[in-house]
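An overview of the molecular structure
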Amino acid sequence: MSYDQDLCYLCKEDFRDPVSIPCGHIFCSLCIKTYWDHADQTGQYVCPQCRVTYNKRPSPRRLQSSRSSSTLRNSDGFPPAPPSPDYNYAGPQDVGCDICIGKKLKAVKSCLMCLASYCEKHLKPHYESSTFKRHKLVDEIGHLDRQICPQHQKGLELYCRTDQMCICVLCTVKEHKGHDMVSAEQERAEMQQRLGATQAEIQEKIHDRVKQMEELKQAVDSLKNSAQRALQESEKMFGDMLRSIERMQQEMTKLISTNKKAALNNAEGHMERLGQEIADLKRRDGELTQLSRTEDHIHFIQSYHMLIAQTDAEELPSVTVNPYYSFGPVTKAVSEMKQHLNEFSNEELVKVAKTVNKMPFCQLEERKKKNEERKKSMKADDVDMYKSLSSAPRTRDEFLQYACQLTLDPDTAYRQIYISRSNRKAALKKDPQSYSESNQRFDCLPQVLCKESLSGGAYYWEVEWSGEGASVGVTYKGIKRTGYGDSARIGYNRKSWSLFCSDSSYSARHNKDQLEIKAPYSSRIGVFLDCAGGTLSFYTVSESMSLIHQFKASFSEQVYPGFWVWYESAVTICQL
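Counting from 1, residues in each chain are numbered in the order their sequence is written. Side-chain atom pairs in this predicted model are given and counted only at pLDDT of 80 or more, local residue features only at pLDDT of at least 70, and totals for whole chains, interfaces and linings cover all residues. Note that water and hydrogens are dropped before the side-chain values are worked out from all heavy atoms of the structure.

1. Description of helix α1 (residues 29-37)
Those residues of α1 lying buried are C31, I32 and W36. Buried residues of α1, seen end-on, are gathered within an arc of 120° and therefore sit on one face of the element. Residue contacts are defined here by distance: any two heavy atoms, one from each residue, within 4.5 Å place the two residues in contact. For helices the rule is a DSSP run of H or I covering at least 4 residues; for strands it is a run of E covering at least 2, with both sets numbered from the N terminus onward. Check the buried side of α1 and you find it contacts β1 (18-20), β2 (26-28) and β3 (45-46). Each residue is placed in one exposure class: buried if its accessible area under a 1.4 Å probe, protein chains only, is under 20% of its type's maximum, exposed if it is over 50%, and partly exposed if it falls in between. Starting at the helix axis, one direction is taken to each C-beta atom, and the arc is that of these directions.

Shown next as structure tokens:
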């Protein structure tokens, strides 16, 4: 097995006899024992890593230990050049010879029978003497004390599948009597086979990702070229349109100027004629004034008839001016043309934008598939039911309006989890259950999921828990089912959310975030899931419903209620 951290959190060294505590974190057996021995005076036991507290000292559970990996080899086909003598001495990162006295030389081989590492000089007896011909030599490895059973001081030769740890022959007599045991070599072969399958899968994924990377690079280059061509062609076409508008502007300027010039010439001709007529009329008016002042009656009479006759005979043409004549219609026409052009250009721009936006350049198929599944699962009546809510529930009676019936799925249960009460109670036992084979089962972590999936509405359920510790939460279906890693732990990855309950505190967990919560102890936890509103809330159950913690998240797909159960602990889904 592999752990999420390579080193013990307390001693910062490789794990020695690793054990797990109720919150799921792993430490060296001696480290956590020493750490909690100092806490015996206070009576409160805290996880050094996540700070979850326990009023009662938990019993750590032993796990399979992982052997240190050997040092890296030269990948070339030829052996490396021999180092200078100074470099043959063991450094801090090297495995030293256990036989050398004083300054130790680098070990080149380790003997699994002698449980010692040897340099080239002290290794010779293993090659030359028949006494050592049955000894098994391997490339130098450190921490050979891990090859010895800490209880019986015998070499570890067997593997207990029940407790998932390496054991010696004497361990089969009492501690592991009746357990499923195989030789270390057989277990290594099976693990090696699974490792090979996993590595082949990873290599296939690498090949697919490299292929997708190349396709994406080619698509990016094509995108850049296409965008450059579109910019150039758009600039050219917009330049043509601008020049067309400039020609229209010139024609309109010419039209206005021509009409203006014609109107002004006509008006100036009429003004000149009117000026002459005014001068003539003024001259006659002066003659009439002079005639009216003469004292010669004969001259007056003779001149009067002649002047009057001239005045009556001449008819002056009238000039009519159009008071509404203006270039306003031209301005109006240009304004309307501008408005039509704006509307047309906006409509066409929107059409182009919609066309371009409908063609995604690249996207994750997983997200696309999730969105489609979510749309299919969100029934209209569920959405309408939720939208009709004016506020979130507050009392237990209001929460019970959204009660849902859940059952545990045995096909997902860890083999040592015992399910009872019509698939509503889960308890962790020492002996594995006779479950059928299922690729949905958690193979290393004490977890189980519900059969029912939840999406698109509001749901409420209650859980009774007892013992040293348990987690209540929800997860996407795609959570990993194999190994001890965070990707398989409910609440430790981006696919799940959980509330860990102990006898003195709570811990809210999602992905890399963890929040320690101090709240009154409650053996019954109420869970309210609001998919549409994007919240997951945990409550201590009472008439007033006291909130412990609320997650806010966009649930992009269906979720399944799930549980982590520790030894001597149990969770029960309540009938509502």
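2. Section: the nonpolar core
Grouped together as the largest cluster of nonpolar side chains are 68 residues, with contacts concentrated most on W461, L499, I525, L529, L536, F538 and F563. Once you skip the residues sitting within four places of it in the chain, F563 turns out to touch L408, P446, Q447, V448, C450, V463, S471, V472, I490, V571 and I573. Residue types Ala, Val, Leu, Ile, Met, Phe, Trp, Tyr and Cys, when buried and joined through side-chain atoms within 4.5 Å, form a set referred to as a nonpolar core.

3. So, the sheet that holds strand β10 (residues 165-167)
Ordered in space as β10-β9-β11, the 3 strands form an open sheet in which the pairing is antiparallel. The sheet is open, and its two edges are formed by β10 and β11 (181-183), each paired on a single side. Recorded for the sheet is a direction-independent mean angle of 35° between the axes of neighbouring strands. Alignment of strand β9 (residues 158-160) against β10, held across 3 bridges, turns out to be antiparallel. Along β10, the bridge assignment pairs L158 with I167. Lying on the sheet, helix α3 (residues 184-293) is in contact with β9 and β11; it crosses β11 at an angle near 90°. Two strands qualify as a pair provided DSSP detects at least 2 bridges between them. In this description, a line fitted to the C-alpha atoms serves as the axis of each element, helices being fitted only across the stretch in contact, and the angle between N-to-C directions of two axes falls anywhere from 0 to 180 degrees.

4. As for the pairing of strand β16 (residues 470-476)
Across the 7 residues that make up β16, a large majority, 7, are buried. Alternating residues of β16 divide into A470, V472, V474 and Y476 and S471, G473 and T475, and every residue in both groups is buried. Of the pairings in the sheet, the one linking β16 to strand β17 (residues 496-501) comprises 6 bridges and is antiparallel in character. Bridge assignment links V474 to a residue of β17, and that residue is W497. When β16 meets strand β23 (residues 559-565), the two strands line up antiparallel, connected through 7 bridges.

5. Thoughts on the pattern of salt bridges
Salt bridge, as used here, is a side-chain nitrogen of Lys or Arg placed within 4 Å of a carboxyl oxygen of Asp or Glu. All chains considered together, the criterion is met by 17 salt bridges. As a salt-bridge pair, E201 and K205 come within 3.5 Å of each other at their nearest N and O atoms. One end of the pair is E201 and the other is K205, both in helix α3 and 4 residues apart, which spans about a single turn. Where D240 meets R243, a salt bridge forms, and the shortest distance between an N and an O atom there is 2.3 Å. On the criterion of helical spacing, the pair formed by D240 and R243 is a turn pair, its members being 3 residues apart in helix α3. A relative accessible area of 32% means that D240 is categorised as partly exposed. Relative accessible area serves as the criterion here: at 43%, R243 is assigned to the partly exposed category.

6. Regarding the packing of aromatic side chains
Centres within 6.5 Å are what make two rings of Phe, Tyr or Trp a pair, Trp counting through its six-membered ring; a difference in plane orientation under 30 degrees is then read as stacked, over 60 as edge-to-face, and the rest as tilted. Summed over the entire model, instances satisfying the criterion amount to 13 aromatic pairs. Geometrically, the ring pair formed by W497 and F555 is edge-to-face, given 5.1 Å between the ring centres and 70° between the ring planes. You can see W497 sitting in strand β17 and its partner F555 sitting in the loop between β22 (546-552) and β23, a full 58 residues away along the chain. Relative accessible area serves as the criterion here: at 3%, W497 is assigned to the buried category. Judged by centre distance (6.2 Å) and plane angle (80°), the ring pair of F538 and F551 falls under edge-to-face. Separated by 13 residues along the polypeptide, F538 in strand β21 (residues 535-540) and F551 in strand β22 bring together distant segments of the chain. The same class applies to F538 and to F551, which are both buried.

7. What to know about unusual backbone geometry
One non-glycine residue, Q164, lies in the positive phi region at around 55°. Along the polypeptide, Q164 turns up in the loop between β9 and β10.

8. Details of the confidence of the model for the protein
Regions with low pLDDT carry predicted coordinates that are not meant to be interpreted in detail. Here the protein averages 82 in pLDDT, while 86% of its residues score no lower than 70. Across the protein, element-level confidence peaks in strand β14 (residues 447-449) with a mean pLDDT of 96 and bottoms out in helix α7 (residues 380-387) with 40. A residue's pLDDT is the confidence the predictor assigns to it, expressed on a 0 to 100 scale. Confidence drops under a pLDDT of 50 for residues 65-87, and excluding neighbours within four residues, the segment shows 18 contacts in the predicted structure. Contacts from residues 377-390, a stretch scored under 50 in pLDDT, to residues over four places away or in other chains number 13 contacts.

9. Let's talk about the sheet that holds β14
Pairing in this open sheet of 6 strands is antiparallel, and the strands run β14-β23-β16-β17-β18-β19 from one edge to the other. The open sheet has two edge strands, β14 and β19 (513-517), and neither has a second partner. The sheet shows a mean angle of 15° between the axes of neighbouring strands, direction not considered.

10. So, a nonpolar patch on the surface
A cluster of nonpolar side chains, L242, I245, M248, M337 and L341, forms an exposed patch at the surface whose accessible area comes to about 440 Å². Of all the elements in the fold, those that place two or more residues in the nonpolar patch are α3 and α5 (328-357). With 3 residues, the top contributor of residues to the nonpolar patch is α3. With respect to the secondary-structure elements, L242 resides in helix α3. Residue classification places L242 among the exposed residues on the basis of a relative accessible area of 54%. Exposure above 30% relative accessible area and the lack of any salt bridge qualify a residue for a patch; like charges then connect within 9 Å, and the nonpolar side chains Val, Leu, Ile, Met, Phe, Trp and Tyr within 5 Å. Using a 1.4 Å probe, the Shrake-Rupley method yields the accessible areas, and only the shown protein chains count as cover for residues.

11. Considering α3
For a helix, the expected span equals 1.5 Å multiplied by the residue count minus one. In this model, α3 (110 residues) spans 154 Å end to end at C-alpha, consistent with the 164 Å of a helix rising 1.5 Å per residue. Turning to α3, its buried residues number three or more, namely E187, G239, E277, R284 and L291.

12. Quick look at the environment of E13
Tracing the backbone shows E13 in the segment before β1. With 15 residues separating them in the primary sequence, E13 and C28 have C-alpha atoms 9.1 Å apart. With residues up to four places along the chain from it excluded, the contact list for E13 reads L7 and C8.

13. Topic: the environment of Q416
Counting through the fold element by element, Q416 comes out in the loop between α8 (396-400) and β12 (417-420). Taking C-alpha positions, Q416 is 9.7 Å from Y567, a pair spaced 151 residues apart along the chain. Those residues in contact with Q416, other than ones at most four positions away along the chain, are T162, A427, L428, K429, K430, D431, P432 and Y567. Side-chain polar atoms of Q416 contact the backbone oxygen of K430, separated by 3.2 Å. Whenever two N or O atoms come within 3.5 Å, that pair is a polar contact, provided that in protein one can donate a hydrogen and the other can accept it, and provided that, for residues adjacent in sequence, both atoms are side-chain atoms.

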